[in-house]
Amino acid sequence: MPISSPNNELLKEVRKLTGRRWRDKLSRFVAEGEDLVDAAEAAGWPPVAKLVAAGSGLDGEEVVPHLLAEHSQLGSGTRVIGLFDQRFASSLGERCVALWGVGDPGNVGTVLRAAHAFGASAVALGPGSADPFSPKAVRASMGAIFSVGVRRVRAVDELPMPRVALVARSGDELSTIGAAATLIVGAERDGLPEEVLRGCQQTAHIPIAGDSLNAAMAATVALYETNRVGRSA
């Protein structure tokens, strides 16, 4: 029989995992939708549990459709919700992008997607950055959360060298940066703190006509350009 009670333990856990405190405590997160759950499977990241709408024909623990929709961040039409254990990268590798104070989970997810597209080895998350396992970040990553390693760091010296600070209208043009580097991106309004800048070997900027790019756009352009330079070399 399909799950039909909101007091079911799996549904209770889904509700808890909407909050960061419980995600950190349980070291789990939720991914919704067939595309994300399929991306996890392709990356070899099996779910702890998979809840599916009764009658959908999908494999998993069946839930009556209206109850599954009530526990969805996407609303009606949800056919699958996966519960996953969190994983963190043991190494950041040679082509890392680090986010410092990037508090919008949508931006964090978008950077994960760009990192996957342009072959970055990992995404590091410095102080003040959003949780990469939040529902909004997971959705924005379009499944890249399952393919790109993430790691939280507290200080700039935890990042691989050479470290390149991305700063608006300062330092070298981005095209001079080699492929093997840690690109550090700060929040659009506040930029990077002085202690982070002091810990970098180089400062670079993206030549633009306007005032600034948001963190996700800047990181995406930087990842594209360093990937292009690396491929040309």
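Check the entry above for the structure.
Residues numbered from 1 in each chain as written. Predicted model: local features only at pLDDT ≥ 70, side-chain atom pairs only at ≥ 80, totals over all residues. Heavy atoms only, no water.

Q: What's the story with the overall build of the protein in this structure? I'm lost.
A: Along the backbone of the protein there are 8 helices and 11 strands. Compactness check: the protein gives a C-alpha radius of gyration of 19 Å against a globular reference of 17 Å for 233 residues, within 12% of the reference. Viewed in the frame of its principal axes, the protein has a C-alpha envelope of about 65 × 35 × 35 Å. When burial is assessed residue by residue, the protein has 45% of its 233 residues classed as buried. (Helix = DSSP H or I, 4+ residues; strand = E, 2+ residues; numbered from the N terminus. Rg over C-alpha atoms; globule rule 2.2 N^0.38 Å. Buried < 20%, exposed > 50% of the residue type's maximum accessible area, 1.4 Å probe, protein only.)

Q: So what exactly am I meant to see when it comes to the sheet that holds strand S10 (residues 182-186) here?
A: Strand pairs in the sheet, formed through backbone hydrogen bonds, run parallel or antiparallel to each other. The parallel open sheet is built from 7 strands, whose spatial order is S7-S6-S5-S10-S8-S11-S9. Either end of the sheet is taken by a strand with one partner, and the two such strands are strand S7 (149-152) and strand S9 (172-173). Where strand S5 (residues 96-100) lies against S10, 4 bridges are found, and the strand directions are parallel. Of the residues in S10, the one forming a bridge with Ala 98 is Ile 184. Across the sheet, helix H8 (residues 215-232) touches S5, strand S8 (163-166) and S10, and the angle it forms with S10 is around 160 degrees. (Pairing = 2+ DSSP bridges. Contact = heavy atoms within 4.5 Å. Axes fitted to C-alpha atoms, helices over the stretch in contact; angles between N-to-C directions.)

Q: What should I look at first to understand the nonpolar core in this one?
A: One broad trend across soluble globular proteins is that nonpolar side chains are buried collectively. Among the nonpolar cores identified, the biggest contains 41 residues, and Val 97, Leu 99, Val 123, Phe 146, Leu 166 and Val 185 are the most heavily contacted of them. For this core, the secondary structure elements donating two or more residues are strand S1 (28-32), helix H3 (34-42), S5, helix H5 (105-117), strand S6 (122-125), S8, S10 and H8. Of all the elements, H8 adds the most residues to this core, at 6 residues. Ignoring anything within four residues of it in the chain, the contact list for Val 123 reads Val 97, Leu 99, Val 111, Leu 112, Ala 115, Val 148, Gly 149, Val 150 and Arg 151. Core analysis: the next-biggest nonpolar cluster, separate from the first, contains 14 residues, Leu 159, Ala 165, Ile 184 and Cys 200 among them. (Core = buried A, V, L, I, M, F, W, Y, C linked by side-chain atoms within 4.5 Å.)

Q: Before we go on, may I ask you to explain unusual backbone geometry in this structure?
A: Leave glycine aside and you will find that most residues have negative phi; peptide bonds, for their part, are mostly trans. Across the junction of Met 161 and Pro 162, the peptide omega takes the value -5 degrees, indicating a cis bond. As for its position among the elements, Pro 162 is in the loop between S7 and S8. Unlike most non-glycine residues, Ser 27 shows phi in positive territory, near 55 degrees. A relative accessible area of 36% places Ser 27 in the partly exposed class. Of note in this structure, Met 142 is not a glycine but carries a positive phi near 55 degrees. Tracing the backbone through its elements, the reader meets Met 142 in the loop between helix H6 (135-141) and S7. When its relative accessible area of 52% is taken as the criterion, Met 142 is described as exposed.

Q: Please clarify how the sheet that holds strand S4 (residues 80-85) should be interpreted in this entry.
A: The strand order across the open sheet built from 4 strands is S1-S4-S2-S3, with neighbouring strands paired in mixed fashion. The open sheet terminates on both sides in strands that have one partner only, identified here as S1 and strand S3 (61-63). The average undirected angle you get between the axes of adjacent strands in this sheet is 25 degrees. Bridging between strand S2 (residues 49-53) and S3 involves 3 bridges; their strand directions are parallel. Pairing of Val 52 across the sheet is with Glu 62, part of S3. Sitting on the sheet, H3 touches S1, S2 and S4, and the angle it makes with S4 is about 35 degrees.

Q: How should I be thinking about H3 in this particular structure?
A: Residue pairs spaced three or four apart in an α-helix point in one direction, given the helix's 3.6 residues per turn. Taken together, the buried positions of H3 are Leu 36, Val 37, Ala 39 and Ala 40. Buried residues in H3, looked at end-on, bunch into an arc of 155 degrees, giving them a common side. Away from its buried face by more than 90 degrees, H3 exposes Asp 35, Glu 41 and Ala 42. Buried positions along H3 lie against S1, S2, S4 and H6. Just beyond H3, the residue with positive phi is Gly 44, at close to 75 degrees. (Arc of directions from axis to C-beta.)

Q: Mind showing me how you'd approach the packing of aromatic side chains here?
A: Two measures describe an aromatic ring pair: the distance that separates the ring centres and the angle between the ring planes. Scanning the entire structure with this criterion turns up 8 aromatic pairs. Ring centres of Phe 88 and Phe 133 lie 5.5 Å apart, and the angle between their planes is 90 degrees; on these two criteria the pair is classed as edge-to-face. Here Phe 88 is found in the loop between S4 and S5, whereas its partner Phe 133 is found in the loop between S6 and H6, with 45 residues between them in sequence. Phe 133 gets classed as buried once you look at its relative accessible area, which sits at 0%. (Phe/Tyr/Trp six-rings, centres within 6.5 Å; stacked < 30°, edge-to-face > 60°.)

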